[in-house]
Amino acid sequence: MESNETVLAKTELSKARRTPARSRFKEIRKRVLGDRHLYLMLVPFVLWYLIFLYKPMYGLQIAFKEYSLFKGISGSPWVGLDNFREFFSGPYFFRNLKNTVLISLYGLLFAFPIPIALALLFNEAKNMLFRKFVQTFTYLPHFISSVVVAGIVTNILAPNNGLVNILLDRIGLDKVYFLTIPEYFRTIYISTFDVWKEAGFNSIIYIAALSGVNPTLYEAAVIDGANRWKQTWHVTLPAIMPTIAVMLILKVGQMMDVSFENIILMYQPATYETSDIISTYVYRAGLLEGRYGLATAVGLFNAAVSLVLVYMANRFSKKRTDSGLW
C-alpha cells in the first residue's frame, strides 16, 4: 500500500504533465512582462555582443581562403589549411610563440601578485588620509595613455639625456641604450605596463572583495591568539581566494593576447628577438603586408589556444579551490 504522501505526489505530477502548453506559455509571458524593464536594459548589451563579437565570426573563413579585397569573402578561393601551414612552418613561428608565452608568464609570476599585495596593505592601513593618498597615487597611471607612458619610459632611458643614463654617468658607469638591448625588453615592458601602470587599478577588485569579509572572523582569530600576519594568512586570503581564482583564470586566458599596442610603442627591429609576439606578427602580416588570410589564420590559432588555456585553468581552479568561471 502506498502512503498518502506518495499518492498525493503522483497526483500532482500527473496534473503537471497534463498542463497544456498554452498555460505554460502564459506563465512565461507573465514572468517576462513582470520583468520587462530588466529585459529592456539587457537589450543593448545583447545587441553589442551580436554586432561586434558574433557577427565578425563570419569573417573567420578568411583563414581558409586566399582572401582578395576585390573578390570579397564569398568570392575568394578556398585554400584549406595552407595559411596555417605557412605560419607553422615559417621562420618566425617559434620565436613569436616563445616571446608571447614568456612575456605573459613573467607578467603572471611577477605582476599578478602585486595588486593582491597592494590590496592587503591598503586593508591594513589605519590612517585613512594616507591610505586615500597612496591609493590615488597608484591608480593614476592607469588613466595615462599608453603612448604617453611609452614616451616617458623612452625619455627616461634615452642614451644621452635620459635620467637613468645621467645617473650612471655621475657614478662613473658607461651609458646604456636599454631599449636596443633585447635582454632588457621584457623587464622594461612588464615593470612599466603590467606593474607601474596597472597594478594599482587592478587592486580595486581585491579591495572590494576584502570589504565583504565577515569581521567576526577576525574577532574569532584574535580570541584564538592570532596576530595580524596569521589573521591575513588564515582569514583574509582564504576569504578572497575565489576572487583570486577567477582573476587568475582570466589572466591565464589572456596569455596569448599580449597587448600589441604597448609592444609596438616600445619595440624596434633591434629587439625583435625578445619582443616580437604573435599579435605584432598579425599586425605586420595583415595591415602592413595585406596578407589577410595568413593574419586571420594566426589570430584564429591564438584564439583556439586561449580557449584551451581558459578551460584548463578553470578545471584546475575547480579542483583546488572549488571556484571557477563555470
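Up top is the structure.
This is a predicted model, so every value here is computed, not measured. (Residues numbered from 1 in each chain as written. Predicted model: local features only at pLDDT ≥ 70, side-chain atom pairs only at ≥ 80, totals over all residues. Heavy atoms only, no water.)

Which residues make up the overall build of the chain, and what values go with them?
The secondary structure content of the chain amounts to 18 helices and zero strands. Scaling as 2.2 N^0.38, a compact globule of 326 residues should have a C-alpha radius of gyration of about 20 Å, whereas the chain reaches 27 Å, well beyond that. Seen through its C-alpha atoms, the chain measures out along the principal axes to roughly 100 × 75 × 40 Å. Taken across its 326 residues, the chain has 34% of its residues classed as buried. Sequence-distant contacts, at least 24 apart, represent 63% of the contacts inside the chain between residues at least 6 apart. Here the chain displays about 21,300 Å² of accessible surface, and carbon together with sulfur accounts for 66% of that area. Here the chain contributes 33 positively and 22 negatively charged side chains, and the mean placements of these two sets differ by 9 Å. (Helix = DSSP H or I, 4+ residues; strand = E, 2+ residues; numbered from the N terminus. Rg over C-alpha atoms; globule rule 2.2 N^0.38 Å. Buried < 20%, exposed > 50% of the residue type's maximum accessible area, 1.4 Å probe, protein only. Contact = heavy atoms within 4.5 Å. Areas by Shrake-Rupley, 256 points an atom, 1.4 Å probe, with all protein chains shown as cover. Lys, Arg positive; Asp, Glu negative; His and termini not counted. Charge placed at Lys NZ, Arg CZ, Asp CG, Glu CD.)

Describe in detail the nonpolar core, supporting the description with residues and values.
Counting 26 residues, the largest nonpolar core has Phe112, Ile116, Tyr206, Ile240 and Ile244 as the members making the most contacts within it. Of all the secondary-structure elements, those providing two or more residues to this core are α7 (113-124), α12 (199-210), α13 (215-223), α14 (228-253) and α18 (292-321). When residues in this core are grouped by element, the largest group, six residues, is from α14. Once you skip the residues sitting within four places of it in the chain, Ile244 turns out to touch Phe112, Ile116, Tyr206 and Leu237. In this structure, Ala150, Phe185, Tyr189 and Ile277 belong to the second largest nonpolar core, which totals 19 residues. (Core = buried A, V, L, I, M, F, W, Y, C linked by side-chain atoms within 4.5 Å.)

So, the packing of α7 against α14: which residues are in play, and what are the values?
Where α7 contacts α14, the axes come no closer than 12 Å and their chain directions differ by 130 degrees. The orientation of α7 with respect to α14, classified from their angle, is oblique. Once α7 is placed against α14, the crossing between them reads as right-handed. Of the residues in α14, those in contact with Ile116, Leu120 and Glu124 of α7 are Arg228, Thr232, Thr236, Leu237 and Ile244. The class makeup of the residues in the contact of α7 with α14 is four nonpolar, two polar and two charged. (Axes fitted to C-alpha atoms, helices over the stretch in contact; angles between N-to-C directions. Parallel < 35°, antiparallel > 145°, perpendicular 65-115°, else oblique. Left-handed = near helix turned anticlockwise from the far one by under 90°. Nonpolar A, V, L, I, M, F, W, Y, C, P; charged D, E, K, R; others polar.)

For the side chain of Ser76, give the residues involved together with the corresponding values.
Among the secondary structure elements, Ser76 is positioned in the loop between α4 (72-75) and α5 (82-88). There is a polar contact of 3.0 Å between the side chain of Ser76 and the backbone nitrogen of Ser68. A polar contact is formed between the side chain of Ser76 and the backbone oxygen of Gly72, at a distance of 2.5 Å. (Polar contact = N/O pair within 3.5 Å; in protein donor to acceptor, adjacent residues only side chain to side chain.)

Please provide a residue-by-residue account of the packing of aromatic side chains, values included.
With the rule as written, the count across this model stands at 22 aromatic pairs. Here Phe87 and Phe93 contribute two aromatic rings whose centre-to-centre distance is 5.0 Å and whose plane-to-plane angle is 90 degrees, an arrangement assigned as edge-to-face. With respect to class, Phe87 is no different from Phe93; both count as buried. Between the aromatic rings of Phe88 and Phe93, the centroid separation amounts to 5.2 Å while the plane-to-plane angle is 75 degrees, which identifies the pairing as edge-to-face. Looking at Phe88, the relative accessible area reads 36%, which means it is partly exposed. Within the aromatic cluster, the residues linked to one another by ring pairs are Phe87, Phe88, Tyr92, Phe93, Phe94, Tyr281 and Phe301. We note Arg284 situated over the ring of Tyr272; from NZ or CZ to the ring centre the distance is 5.2 Å. (Phe/Tyr/Trp six-rings, centres within 6.5 Å; stacked < 30°, edge-to-face > 60°. Lys NZ or Arg CZ within 6 Å of the ring centre and 35° of its normal.)

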